Every structure is written in C-alpha cells, then in structure tokens.
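# Structural features, examined
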Number of protein chains: 2
Amino acid sequence: MISKKAKYALKALKVLTKKFEANEPTLISDIAVEEKIPKKFLEAILLELRNQGILKSQKGKGGGYLLRTPPNEVSVAKVLRIIDGPIAPTPCVSVNFYGKCDDCESEETCSIRPIMLKIRNASLEIYENTSLLDLVLKDTIPL
Amino acid sequence: MISKKAKYALKALKVLTKKFEANEPTLISDIAVEEKIPKKFLEAILLELRNQGILKSQKGKGGGYLLRTPPNEVSVAKVLRIIDGPIAPTPCVSVNFYGKCDDCESEETCSIRPIMLKIRNASLEIYENTSLLDLVLKDTIPL
DNA sequence: TATATAATCTACTAAATATATAGATTATAT
DNA sequence: ATATAATCTATATATTTAGTAGATTATATA
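Residues numbered from 1 in each chain as written. Chains lettered and ligands numbered in written order. Predicted model: local features only at pLDDT ≥ 70, side-chain atom pairs only at ≥ 80, totals over all residues.

Chain A appears in an unreviewed UniProt entry as Rrf2 family transcriptional regulator from Emticicia aquatilis.

## Points about the overall build of chain A
Counted only if it meets this: Each helix is a run of H or I in the DSSP string that is no shorter than four residues. Each strand is a run of E no shorter than two, and both are numbered from the N terminus. Remark: C-beta atoms are placed from the backbone, and a residue is labelled buried if 20 or more other C-beta atoms sit within 10 Å of its own, exposed if 12 or fewer do, or partly exposed between those counts. Note on contacts: residues are paired as contacts if their backbone-placed C-beta atoms lie within 7 Å.
Along the backbone of chain A there are six helices and two strands. For chain A, the N- to C-terminal ordering of α and β elements is α-α-α-β-β-α-α-α. Taken along the three principal axes of its C-alpha coordinates, chain A extends 60 × 35 × 25 Å. Of all 143 residues assigned to chain A, the portion counted as buried reaches 35%. Put simply, of all contacts in chain A between residues at least 6 apart along the chain, 57% involve residues at least 24 apart.

## Quick look at the environment of B:Val136
Examined against the element boundaries, B:Val136 turns out to sit in helix H6 (residues 132-136). Looking at B:Val136, the number of C-beta atoms within 10 Å reads 17, which means it is partly exposed. In sequence terms B:Val136 and B:Ile119 are 17 residues apart; their C-alpha atoms lie 26 Å from each other. Setting aside its immediate chain neighbours within four residues, B:Val136 contacts A:Ser111, B:Lys14, B:Thr17 and B:Lys18.

## Considering the domain arrangement of chain A
Residue and element names in this part refer to chain A. As a reminder, the rule being used: These domain limits were set by an automatic method or by a database of domain assignments. Residue polarity follows a fixed list, in which Ala, Val, Leu, Ile, Met, Phe, Trp, Tyr, Cys and Pro are nonpolar, Asp, Glu, Lys and Arg are charged, and the others, Gly among them, are polar.
One can read the domain layout of chain A as domain 1 (4-67) and domain 2 (71-136). Taking the mean C-alpha position of each, domain 1 and domain 2 sit 25 Å from one another. Counting residues at the interface gives 14 residues for domain 1 and twelve residues for domain 2. Only helix H1 (4-18) and helix H3 (39-51) provide two or more residues apiece to the side of domain 1 that touches domain 2. Broken down by element, the residue count for the side of domain 1 that touches domain 2 peaks at eight residues, all from H1. Here the side of domain 1 that touches domain 2 is built from residues that sort into eight nonpolar, two polar and four charged.

Right, dumping it as structure tokens:
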C-alpha cells in the first residue's frame, strides 16, 4: 500500500499539472481545499517536493507553487520515491534504495529474491513510464 | 515493501516445502534456527498460517508443522495476503481487501486509480502465479 | 499413569512510522 | 508599512511492526 501522503502528493501535483500552461503560482490553501487535504500536512508535502526539485515556490502576495518542469517529464516513480521511499518490495532488489536485507544471509541463494526482483521490474516499468501528464490525460493510454 | 514477518513466513514455508515429501512434522525451533527467525515471533506466524489453512500442526513429542497441501498449490499471493494483507497499492483497487479510499471522492474520476490498477494487475500476475514450489525450484522459471 | 515434549494462548513492551496540528518566522509584492 | 503566503520548529497521537515472557494444553511414550 502506498501512503496517504503519497496520494496527497500525486493529487496536489495533478492540480499543478492542470495549471501548468497558465504559469501562475497556485496557493497551498487552494490545493488543500480542492483536493480535501489537511493544509498543514500538504505544506510539508509540497515543501519536500520543492526541495527535491519537482516544484518551485514563490513567497508573498501572488505567490504559491508551480511545477519546475513540464508534467510529462515527471514520473510517478520519482514522486513515490520522494514521499514513500523504495518502490521495490525488499531492500535487496531496490534500484534507488538498495540495502542488504538484515535478515538475509546471501542474495545469491535467497529463495524469495527472484520473485521480488520480478515484482520490482514490473512495478518500475509502470511507475517510471507514467508521468504526471499521463495521470491527468487518463484517456491517453501510456506505454 | 513487504514486512519482515512476510519474509519470515515465506522462508519458513520454504523449509516446509523442502520437507514436504518426507511427510514428517518439522519443529518450530528447527525452522527458527535454520532461518534465523526469532522463535516466539515465528510461533505466531506459523499459527496464523495454520489458522488460515496453509499449515497443519501436531502437538507433543514427534509433533511440529507440515504443509496442508502440496507446495505447488500454495501461491505467494495467498501467503502475503495472510501476513501483510492487501497486495494492491490502494484499497480501491484491491481484489481481496476492497474498500473505498477514505480520501477519495469518486473512483470513476480519480486520476491515480488507473495506474494503481495497473500496478495491482502486474503484481497479482506474478504473486498469484508463483507457488512455494517455484520459490524452491528457482531454476524452473514460472510463467 | 507420569513425564517430557511441543504447540497454543494470553498478555505485554519498545521502537518506528503515519498522520497530522500549532505557532512563530521569513520573504515578497504592492 | 502592510498584508500575504511560504517556511521553519516543535509537538501530538494512533497505528503498525517486531518482538518477549510465561502459563496452558495436547500428545506420544516409557
């Protein structure tokens, strides 16, 4: 299961994707109301996405948040990694968060690693190849 | 990420799969030692697998645990659902644990549901079609 | 029938993670 | 100067994860 935080992030990014062409900052409060996300929680999420290079922000009157790059260039995988961490089902098959499973002797002989590798590959194939734009343009089937 | 508990469960089941033909009960303590799983924790796991019909047990001397059915008939999906619950990334796309996402208005218009559906389908395809026997016979590529 | 064995049941505990909330501070446009 | 809106700091609470301790029950066998 992905976290509620990750869903909030994707929903907020969906709003910013729709407004990307306008090139005008959107208020945290507007997104919070529109997507029914607790405002303070959303603040933290957007800040994290900004610090990780997905968004840019502007303080003061007329300020708000904007996508830093075109929405077709931002994959769902990138967003999920920022908010939830690893996409892989085990540390030993993770691309971006690799780590030795602390309960495992050897990766070569591990009997559950191969299936986890398959799951990781299948998930990445989807998450990496779906962009924020794809989420909004649901009819345009990606892949 | 799947839980350590789920990995422990799969590893324990791997041991019982290897011993399935012998048809002799295996001690919790033997599995615990062999797979380096905290014994008391493993007790709870095996009990749960037994209560859900994956294992059968025998008390007293000569007792222990055995697979209830041949290992090729037990899917990894079944085990994961017992230990970790839903395989799907969101409640709204879960087959066995369906539920309305509490932060969602409408499933029809939700922009993140389609990709979650894809992820669920891809994961199930793998987890449902991999059996305990497949885990042990790693060279025999399933699917 | 007594005994050792091995699973089962009941009840905790500690640490981490998820999901927030409150209030002060800083930057900016007007 | 002022209002605005993001940013920072500090908690708070609930749930989940991972585990431990000890008593109880069922069973084979001597």
